[in-house]
Structures are given as structure tokens and as C-alpha cells.
Amino acid sequence: METWDAIRARRNVRDFEDRPIPGADLDRILEAARRSPSSRNGQPWDFVLVADRERLQALSGVWRGAGHVARSAATIAIVAPVPDDERSAASLHYDLGQATIQTMLAAADLGIGSGHAAVRDQDLAREVLGLPGDRFLAWLIALGYPADRPLRPIEHPDRRPFDEVVHRETW
Ligand SMILES: Cc1cc2nc3c(=O)[nH]c(=O)nc-3n(C[C@H](O)[C@H](O)[C@H](O)COP(=O)(O)O)c2cc1C
């Protein structure tokens, strides 16, 4: 897919076909994540790829909005160091946001759907993923082939109007 098409086609996918993603495609998506920019090139992330069905099911319990993780072909768990203060937390989440969208666009480029999930139950996340004590599970990205319809550029996305959000020169 062209970059512009991938940007327009990406949407949150929460229902997935029961079909595995080829390993080479998963590696490419993870490589896109690894190449993401970050503040001072700190790269404050690790990515845990989960494809085992039982583990996906257990992982989906970390937040009530994470049910689609159980149905995914694979999910990337974005793991980060526990931040020391508010400023490093803000910087960390900016970096993780960049890694997230870069990952999702790489997936869309391959026709693979993706869906965010937040995380609430850190104890469960720690138990399911075996995380070290100084790390936490920041976000989940569920992956799989969309069960509803293939990814295609969306003509009219559910977004605020262009002229409302874009300001030129001054507010
Ligand atoms: C920071 C963040 C957290 C999100 N958490 C969840 C979540 O826990 N569960 C979920 O189903 N979707 C989650 N989403 C997806 C958003 O609801 C979705 O991106 C938004 O409604 C726009 O839809 P689109 O991605 O299809 O364009 C999250 C998105 C972001 C950016």
C-alpha cells in the first residue's frame, strides 16, 4: 500500500479473521516499531509479541476495553520503564505514541488491522508476561486480518473538520 493509502485506511479493528499473520510480516511490523523516533533517541520500549491463544485470552483481562486482544492473531505488548516523575512520564508516553502509530501504519501497509488497548491491571499484566519489577505494560496493539471488511482508504473519517483543527500562522 502507498503511505498515503495506509494513513487513510488505518482504523481500529477489533474483530479479526481466524488466520495467522506470517512471521515475516510480524517481524516487519516489529521492525517498524523499533525504528520509531524517541526523545533523545532513548528508545524507552520493549515489545513482547504474543500469539499463543491462551496467553492472548489472559492478556485481554488487563482492561475492560481490551477484549479484542483475545480475538487477535497476535498482539504486541509495549513494555516500558516505570517513569520517575511526571515530566518523564509525559515524554515516555509521547515516545510510545509515536511507536504505536508507526507500528499500526506498518501493519496497515500489509493489509493487517490493528487495535489499541489500554492497560489497567498491572499485576495481571506482570503475571501473564513475566515482566521485571521495574517495567510496566503501557499499551497493547492487537493485530489480525479484519473480519468485517478489508482495509481501504476511508473517504469520510470520523474526525473534526479540517478547517476547525487547522490554524494557519496564528490561532
Ligand atoms: C491512547 C489510546 C488509547 C486507546 N485505548 C483503547 C482501548 O482500550 N480499547 C479500544 O477498543 N480502543 C482504544 N483506543 C482506540 C480509539 O478508541 C480509536 O483510535 C478512536 O476511536 C479513533 O478510531 P480509529 O482508530 O478507528 O480512527 C485507544 C486509542 C488511543 C489513541
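Residues numbered from 1 in each chain as written. Predicted model: local features only at pLDDT ≥ 70, side-chain atom pairs only at ≥ 80, totals over all residues.

## Remarks on the site of the ligand
Reasoning step 1: Close to the ligand lie Arg11, Asn12, Arg14, Trp63, Gly65, Ala66, Gly115, His116, Ala117 and Ala118, which account for all nearby residues.
Reasoning step 2: In the shell around the ligand, the residues fall into 4 nonpolar, 4 polar and 2 charged. (Near = placed C-beta within 6 Å. Nonpolar A, V, L, I, M, F, W, Y, C, P; charged D, E, K, R; others polar.)

## A word on the packing of helix H2 (residues 23–34) against helix H5 (residues 86–109)
Reasoning step 1: One way to put it is that H2 packs onto H5 with a least axis distance of 8 Å and a crossing angle of 150 degrees. The orientation of H2 with respect to H5, classified from their angle, is roughly antiparallel. In the packing of H2 onto H5, the handedness of the crossing is right-handed. Here Arg28, Ile29, Ala32 and Ala33 of H2 lie close against H5, whose contacting residues are Ala99, Gln102, Thr103, Ala106 and Ala107.
Reasoning step 2: Residue classes in the contact of H2 with H5 are distributed as 6 nonpolar, 2 polar and 1 charged. (Axes fitted to C-alpha atoms, helices over the stretch in contact; angles between N-to-C directions. Helix = DSSP H or I, 4+ residues; strand = E, 2+ residues; numbered from the N terminus. Parallel < 35°, antiparallel > 145°, perpendicular 65-115°, else oblique. Left-handed = near helix turned anticlockwise from the far one by under 90°. Contact = placed C-beta atoms within 7 Å.)

## Points about the nonpolar core
Reasoning step 1: Grouped together as the largest cluster of nonpolar side chains are 34 residues, with contacts concentrated most on Val69, Ile78, Ala107, Leu140, Ile141 and Leu143.
Reasoning step 2: Of all elements in the fold, only H2, helix H3 (53–59), strand E2 (74–81), H5, helix H6 (122–129) and strand E4 (135–144) reach the threshold of two or more residues within this core.
Reasoning step 3: Considering every element that reaches this core, the biggest residue donor is E4, with 7 residues.
Reasoning step 4: Every residue in contact with Ile141, bar those within four places of it in the chain, is listed here: Thr75, Ile76, Ile78, Thr100, Thr103, Met104, Ser114 and His116. (Core = buried A, V, L, I, M, F, W, Y, C linked by C-beta atoms within 7 Å. Buried ≥ 20, exposed ≤ 12 C-beta atoms within 10 Å, placed from the backbone.)

## Looking at the environment of His167
Reasoning step 1: Within the element layout of this structure, His167 appears in the segment after helix H7 (162–165).
Reasoning step 2: A C-alpha to C-alpha distance of 40 Å links His167 and Ala73, two positions 94 residues apart in sequence.

## Section: H2
Reasoning step 1: The terminal C-alpha atoms of H2 lie 16 Å apart, and with 12 residues this matches the ideal 16 Å at 1.5 Å per residue to within 8%.
Reasoning step 2: By the burial criterion, the buried members of H2 are Leu26, Ile29 and Ala33. Seen from one end, H2 has its buried residues packed into an arc of 60 degrees, which puts them on one side. Of the exposed residues in H2, those oriented more than 90 degrees away from the buried face are Ala24, Asp27 and Glu31.
Reasoning step 3: Lining the buried residues of H2 we find strand E1 (46–50), E2, H5 and E4. (Expected span 1.5 Å × (residues − 1). Arc of directions from axis to C-beta.)

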